[in-house]
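Understanding the architecture of this molecule
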Amino acid sequence: MNFNVQISGASTEIQIGESGIVYFAGKEEHKRAYEDIISLEKLSGDGKTCRLHYIQDHPFPNHKLTKEYLDITSEDNVLRDFQETLSKKISAVTKRPRKLSVFVNPIGGKGKGKQICDKEVVPVLQLAGIQTDVVVSQRAYHFKEITENYDFNSVDGLIIMGGDGTYSEIINVLMRKRQHEAGVDFNSSSSLLKTMDFPIGVIPTGSACGLARLAHGVIDVMTSVLHIIRGRTDHYNIVGGFNNNKLIGYGIICFGYVMYADLMYDTDVNYRWMKTFRYIYVPFMHVFIKPFREVEVEITYEYLENKESGDTTEEEKANLQVTKTKRITNVVGVTDDLDFEDRPYDKQPAKKDQFIMLDYTVCGRWAMAKHFANLYQLTEEHLDSVKHFVNFNRIKSVRLRATENNDPSQREMNLRFNLDGESHQLETPDVYIKLFPRCLTLYTSYKGSRRWR
Ligand SMILES: Nc1ncnc2c1ncn2[C@@H]1O[C@H](COP(=O)(O)OP(=O)(O)OP(=O)(O)O)[C@@H](O)[C@H]1O
């Protein structure tokens, strides 16, 4: 089926294909997939001018998606038929959600979450024919309560607007609910978790939005909205933190122990009075002023079984677990097997179900500061250069147990553990972190490298 229209005053034909439309604008042929067509909006009262809103991909280097438009004129009945045909194709060919709940943290980041929701998010979703139910939190941890009680059966998915703290708070409730409904004992680290199929869209309006970057390759509100409109989904890892045979929580982006946990605790509790200046002062204090705290731990890394070989012996399996006792100053882990910046993306090995963890032994202050500055880029070359104090592993679980050979006055501190920026107090200084691969479903069509910058 074809439609005769004018684009920029020139007559042309829009062809309706299986997966998208094809038309000429000037001498150039354009193809637009149905998932990239936001809508055809009527511009003039007589119905003879319409605006085709569509999604434009900018894959490299910024990975952004932008919202563009094209004005089309024709007879009103032609444009009406074209509009109807497009709507039917979009419903039939794409997985565009029909209704979404939008949970907004109004104080995250620069405190603009609600304005961004009203001005940039909801209008574009409406243009794409997606209904929304906007819920704004009134206080800290309000989303825990809201998520417990909200009827998610009435929507196709959930959008979360905020930072990692908000994503983590809500996803933790949803993951527990999902396991509870399926009769899975989530407090047992050996339970096989049920994947959370209910799709979530993350829109970055907080100060740290690692999950949005991982899912979309960029921190950009419009890019996230347009990924949601495309309706495609992908699976992401989570880690479970366990202590004393209980689940502490699920981590969606990172975890930390010793320096990282102390630093986050100071930011949250001891130096909150400094307001935003604490985000500069507390890291500075931990790297340049406070003595590095050493904790002796028994640390058990569990490596991924070599699936390719198929016939792994019992001895080889046992060797996939390595236990060491060492004095560490810091532990930082992320939920994914991130890509290295200095390795071309197409040369990266296929993604495996494992996560990256760094543990540190004592080093000089400048070495640590330089390392943190370089870590942001995550290059193999850099990690090779700091091997003398940073131990890098790709693992599927880790157990960290502070031994009895530690200063008793630091016992309380050794009970601090951090998941996604949230401070937790352990009951015993013994934490087990396990990867649950691809348990989270996020709206995204991004296929590029997974990085933290
Ligand atoms: N209306 C609210 N008032 C106060 N706190 C809230 C409100 N809504 C959510 N919160 C809390 O805000 C915290 C931080 O949110 P989030 O991480 O999304 O934003 P952020 O700007 O990245 O935060 P942070 O400054 O902690 O990095 C969450 O723990 C959440 O419980």
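The chain appears in an unreviewed UniProt entry as cerk from Mytilus coruscus.

Points about the UniProt feature "domain: DAGKc" (unreviewed entry) in the chain
Within this structure's numbering, the places UniProt gives as "domain: DAGKc" (unreviewed entry) are residues 95-246. Between the first and last C-alpha atoms of residues 95-246 the distance is 37 Å; the span itself is 38% helix and 26% strand.

A closer look at the sheet that holds strand β21 (residues 416-419)
The six strands lie next to each other as β19-β18-β17-β14-β21-β22, forming an open sheet whose pairing is antiparallel. The sheet terminates laterally at β19 (390-395) and β22 (422-425), the two strands that pair on one side only. Adjacent strand axes in the sheet meet at a mean angle of 20° when their direction is disregarded. Taken together, the three bridges between strand β14 (residues 254-258) and β21 define a ladder with antiparallel strand orientation. Paired with Gly-256 across the strands is Asn-418, a residue of β21. Taken strand by strand, helix α7 (residues 259-270) contacts β14, β17 (330-334), β21 and β22, and its axis lies near 100° from that of β14.

Focus on the pattern of salt bridges
Per the counting criterion, the structure on display carries 26 salt bridges. The closest approach of N and O atoms between Asp-57 and Arg-230, which form a salt bridge, is 2.9 Å. Here Asp-57 is found in strand β6 (residues 49-58), whereas its partner Arg-230 is found in helix α6 (residues 221-230), with 173 residues between them in sequence. On the basis of relative accessible area, Arg-230 is assigned to the buried category, the value being 4%. Bridged by salt links that share partners, the residues Asp-234, Asp-336, Lys-447 and Arg-450 form one connected network.

Observations regarding the domain arrangement of the chain
In terms of domains, the chain is made up of domain 1 (2-93), domain 2 (99-236) and domain 3 (243-437). Here the C-alpha centroids of domain 1 and domain 2 sit 30 Å apart. Facing 14 residues of domain 1, the contacting portion of domain 2 comprises 14 residues. A combined buried area of about 1200 Å² lies between domain 1 and domain 2, and 62% of that area is made up of carbon and sulfur atoms. Among the residues domain 1 hides against domain 2, the three largest losses belong to Glu-35, Ile-38 and Leu-65. Together they make up 46% of the total. Connecting domain 1 to domain 2 are three salt bridges. Connecting domain 1 to domain 2 are five residue pairs in polar contact (both at pLDDT 80 or more). Of all the elements in the fold, those that place two or more residues in the side of domain 1 that touches domain 2 are β5 (37-42), β6 and β7 (64-73). The greatest single-element share of the side of domain 1 that touches domain 2, amounting to four residues, is contributed by β7.

Topic: the packing of aromatic side chains
Going through the model one piece at a time under the given rule, you end up with 19 aromatic pairs. Summarising the aromatic geometry, the rings of Tyr-360 and Phe-372 are spaced 6.2 Å apart at their centres and angled 55° between planes, so their arrangement reads as tilted. Of this pair, Tyr-360 sits in strand β18 (residues 355-360) while Phe-372 sits in helix α10 (residues 365-375), placing them twelve residues apart in sequence. Residue Tyr-360 is classed as buried on the basis of its relative accessible area, which comes to 0%.

Topic: unusual backbone geometry
Of note in the backbone geometry, Asn-244 takes a positive phi value of approximately 55° without being a glycine. Unusually for a residue other than glycine, Lys-275 sits at a positive phi of about 55°.

As for the site of the ligand
The full set close to the ligand counts 20 residues, and Gly-109, Ser-137, Gly-163, Thr-166 and Glu-169 are the nearest of them. Contact distances for the ligand include 2.7 Å between an oxygen atom and a side-chain N or O atom of Glu-169. Residue Tyr-279 places a side-chain N or O atom 2.8 Å away from an oxygen atom belonging to the ligand. Of all the elements, helix α4 (residues 164-181) adds the most residues to the shell around the ligand, at four residues. Its residues assigned to classes, the shell around the ligand shows six nonpolar, eleven polar and three charged.

Here is what the cut-offs are and how they apply
- Residues numbered from 1 in each chain as written.
- Predicted model: local features only at pLDDT ≥ 70, side-chain atom pairs only at ≥ 80, totals over all residues.
- Heavy atoms only, no water.
- UniProt positions renumbered as here; feature names shortened; annotations may be inferred.
- Helix = DSSP H or I, 4+ residues; strand = E, 2+ residues; numbered from the N terminus.
- Pairing = 2+ DSSP bridges.
- Axes fitted to C-alpha atoms, helices over the stretch in contact; angles between N-to-C directions.
- Contact = heavy atoms within 4.5 Å.
- Salt bridge = Lys/Arg side-chain N within 4 Å of Asp/Glu carboxyl O.
- Buried < 20%, exposed > 50% of the residue type's maximum accessible area, 1.4 Å probe, protein only.
- Domains from an automatic or database assignment.
- Buried area = accessible area lost by both parts, 1.4 Å probe.
- Polar contact = N/O pair within 3.5 Å; in protein donor to acceptor, adjacent residues only side chain to side chain.
- Phe/Tyr/Trp six-rings, centres within 6.5 Å; stacked < 30°, edge-to-face > 60°.
- Near = heavy atom within 4 Å.
- Nonpolar A, V, L, I, M, F, W, Y, C, P; charged D, E, K, R; others polar.

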